Amino acid sequence: MKRLGGIEAGGTKFVCAVGTGPDDLSAATFDTTTPWETLRGVIRFFHDSPVRAIGVGSFGPLDLAPESPTFGRITSTPKLEWQGCDLSGEISRALGVPVGIDTDVNAAALGEARWGAARDVSDFLYLTVGTGIGGGAVVGGRLVHGLVHPEMGHIRVPHDVDFDPFPGACPYHGDCLEGLASGTAIERRWGVPASRIESDHPAWELEAHYLALGLATWVCTLSPRRIVIGGGVMRHRRLFPLVRLELQRLLNGYVRNPALGPDIDRYVTPPGLGERSGVLGALVLAERACLGSGAR
Ligand code: ZN
């Protein structure tokens, strides 16, 4: 049996899929309610479609310290029922197969590296800008984990409160990047969801400014060869061009590379796999679980 299982475990839905890659994926979706109810649906799905291993790209934060007795558990999520949930352990025990787990953004980065917009580079970032903001970094072909895992959405960015008096939406930091530029922040600042904000609204210049501040920080700290950005907010058609221009303005010619000049459209780019980066990346985690390398 070659088929692998992938789960993109999100805050509103769990996408479960069986296959070996983009061409043979069959998927089902379950609403994220309580852990017990959601996992019951997930386990039934894989019971009916057996696989040799499962990968989980999960919302978090997750405990990914290999030495930790609570490795793989969800930690300080505001979804209280999910705090401490041992997703990978529950699924592995119920189905008797190896299960690998990593963050949703790290899984998406693996998917983009294998089949998507980052196939040709060994150093890149995958970011998502949706309800929250998250990022995964691949450096030298390996996902960065470090202490736990990167929390790129929670970096601090300059916030001119005279220009933008919105205090920020992050429950931990207020005006961190996620607090200022996530879909949640956009909706609270302007009183309407991002999907309903017109193209000529000043919201988009402000959004591009904050996102580009984040990108400029990571260009200067990690020197990625590409930045792939997914998530619902990025679907707005003006956002990519605005972010690219603002990134160039903020860097002001200091980092010299054609990627940041004439090739910027290819440098800051949407995912090659559309909305399937996460669940396809979860298949890569499953493959690694088969090889016994767990989440790494
Ligand atoms: Zn924060």
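Now for a quick tour of the structure. (Residues numbered from 1 in each chain as written. Predicted model: local features only at pLDDT ≥ 70, side-chain atom pairs only at ≥ 80, totals over all residues. Heavy atoms only, no water.)

Moving on, we come to unusual backbone geometry. Residue proline 61 follows glycine 60 across a cis peptide bond; omega there is 5°. Mapping proline 61 onto the fold places it in the loop between strand 4 (54–58) and helix 2 (87–95). Here the phi dihedral of serine 223 falls at roughly 50°; this positive angle occurs in a residue that is not glycine. Tracing the backbone through its elements, the reader meets serine 223 in the loop between helix 6 (203–222) and strand 9 (226–230). By relative accessible area, serine 223 is classed as exposed at 52%. In the Ramachandran plot, asparagine 252 falls in the positive-phi region, its phi being about 55° despite a non-glycine side chain. Topologically, asparagine 252 is positioned in the loop between helix 7 (239–251) and helix 8 (264–267). According to the relative accessible area criterion, asparagine 252 is exposed, its value standing at 66%. (Helix = DSSP H or I, 4+ residues; strand = E, 2+ residues; numbered from the N terminus. Buried < 20%, exposed > 50% of the residue type's maximum accessible area, 1.4 Å probe, protein only.)

A few words on the environment of glycine 136. Its location among the elements puts glycine 136 in strand 7 (residues 133–139). Put simply, glycine 136 and alanine 107 are 29 residues apart on the chain and 8.3 Å apart in space, counted from C-alpha to C-alpha. Non-local contacts of glycine 136, meaning those with residues more than four positions away in its chain, are made with Val105, Asn106, Phe124, Leu125, Tyr126 and Met152. (Contact = heavy atoms within 4.5 Å.)

Below, the discussion takes up the nonpolar core. Counting residues in hydrophobic clusters, the biggest one holds 41 residues, and the most contacted among them are Leu215, Ile229, Leu247, Tyr267 and Val268. Of all the secondary structure elements, the ones that give two or more residues to this core are strand 6 (124–129), strand 7, helix 4 (177–181), helix 6, strand 9, helix 7 and helix 8. Counting residues in each nonpolar core, the second largest holds 24 residues, with Ile54, Val56, Cys85 and Val97 among its members. (Core = buried A, V, L, I, M, F, W, Y, C linked by side-chain atoms within 4.5 Å.)

Between helix 5 (residues 183–190) and helix 6, the shortest axis-to-axis distance is 12 Å and the interhelical angle comes to 145°. For the pair helix 5 and helix 6, the sense of crossing is right-handed. Where helix 5 approaches helix 6, its residues Ile186, Arg189 and Trp190 are matched on the opposing element by Ala203, Leu206, Glu207 and Tyr210. For the contact of helix 5 with helix 6, a count of residues per class yields five nonpolar, no polar and two charged. (Axes fitted to C-alpha atoms, helices over the stretch in contact; angles between N-to-C directions. Left-handed = near helix turned anticlockwise from the far one by under 90°. Nonpolar A, V, L, I, M, F, W, Y, C, P; charged D, E, K, R; others polar.)

Coordination of the zinc ion by the protein comes from His154 (ND1), Cys170 (SG), His173 (ND1) and Cys176 (SG), over a distance range of 2.0 to 2.4 Å. Its four donor atoms give the zinc ion angles of 103 to 120° at the centre, a pattern that matches the tetrahedral case. Counting residues between consecutive donors of the zinc ion along the chain gives the motif H-x15-C-x2-H-x2-C. Highlighted residues: histidine 154 in the loop between strand 8 (142–143) and helix 4 and cysteine 176 in the loop between strand 8 and helix 4, separated in sequence by 22 residues. (Donors = N, O, S within 2.8 Å, 3.2 Å for Na, K, Ca; no water. Tetrahedral: all angles 85-135°; square planar, octahedral: opposite > 155°, others 65-115°.)

Bringing the sheet that holds strand 10 (residues 268–269) into the picture now. Ordered in space as 8-7-6-9-10, the five strands form an open sheet in which the pairing is mixed. Both edges of this open sheet fall to strand 8 and strand 10, since each of them pairs with a single strand only. The pairing of strand 7 with strand 8 spans two bridges and is classified as antiparallel. Looking at the pairing, valine 139 lines up with arginine 142 of strand 8. Contacts between helix 3 (residues 104–115) and the sheet are confined to strand 6, strand 7, strand 8 and strand 9, with strand 6 contributing the most and set at about 125° to the helix. (Pairing = 2+ DSSP bridges.)

Moving on to the packing of aromatic side chains. Enumeration over the complete set of coordinates arrives at four aromatic pairs. Where phenylalanine 30 meets phenylalanine 45, the ring centres are 6.3 Å apart and the plane angle is 70°; that geometry is what we call edge-to-face. Of the two residues, phenylalanine 30 sits in strand 3 (residues 26–31) while phenylalanine 45 sits in helix 1 (residues 35–48), which places them 15 residues apart along the sequence. When the centroid spacing of 4.9 Å and the interplanar angle of 85° are considered together, the rings of phenylalanine 45 and phenylalanine 46 count as edge-to-face. The ring of tryptophan 115 carries arginine 114 above its face, with NZ or CZ at 5.4 Å from the centroid. (Phe/Tyr/Trp six-rings, centres within 6.5 Å; stacked < 30°, edge-to-face > 60°. Lys NZ or Arg CZ within 6 Å of the ring centre and 35° of its normal.)

Let's shift gears to helix 3. Between the first and last C-alpha of helix 3 there are 16 Å, a value that for 12 residues agrees with the 16 Å anticipated at 1.5 Å per step. Looking only at helix 3, the buried set comprises Val105, Asn106, Ala107, Ala108, Ala109, Leu110, Gly111 and Glu112. (Expected span 1.5 Å × (residues − 1).)

Spatially, 3-2-1-4-5 is the arrangement adopted by the five strands of the open sheet, whose pairing is mixed. Each having just a single partner strand, strand 3 and strand 5 (99–103) make up the two edges of the open sheet. Going across the sheet, the axis of each strand differs from the next one's by a mean of 15°, ignoring polarity. As judged from the five bridges shared by strand 4 and strand 5, these two strands associate in the parallel manner. Counterpart to glycine 57 in the pairing with strand 5 is aspartate 102.

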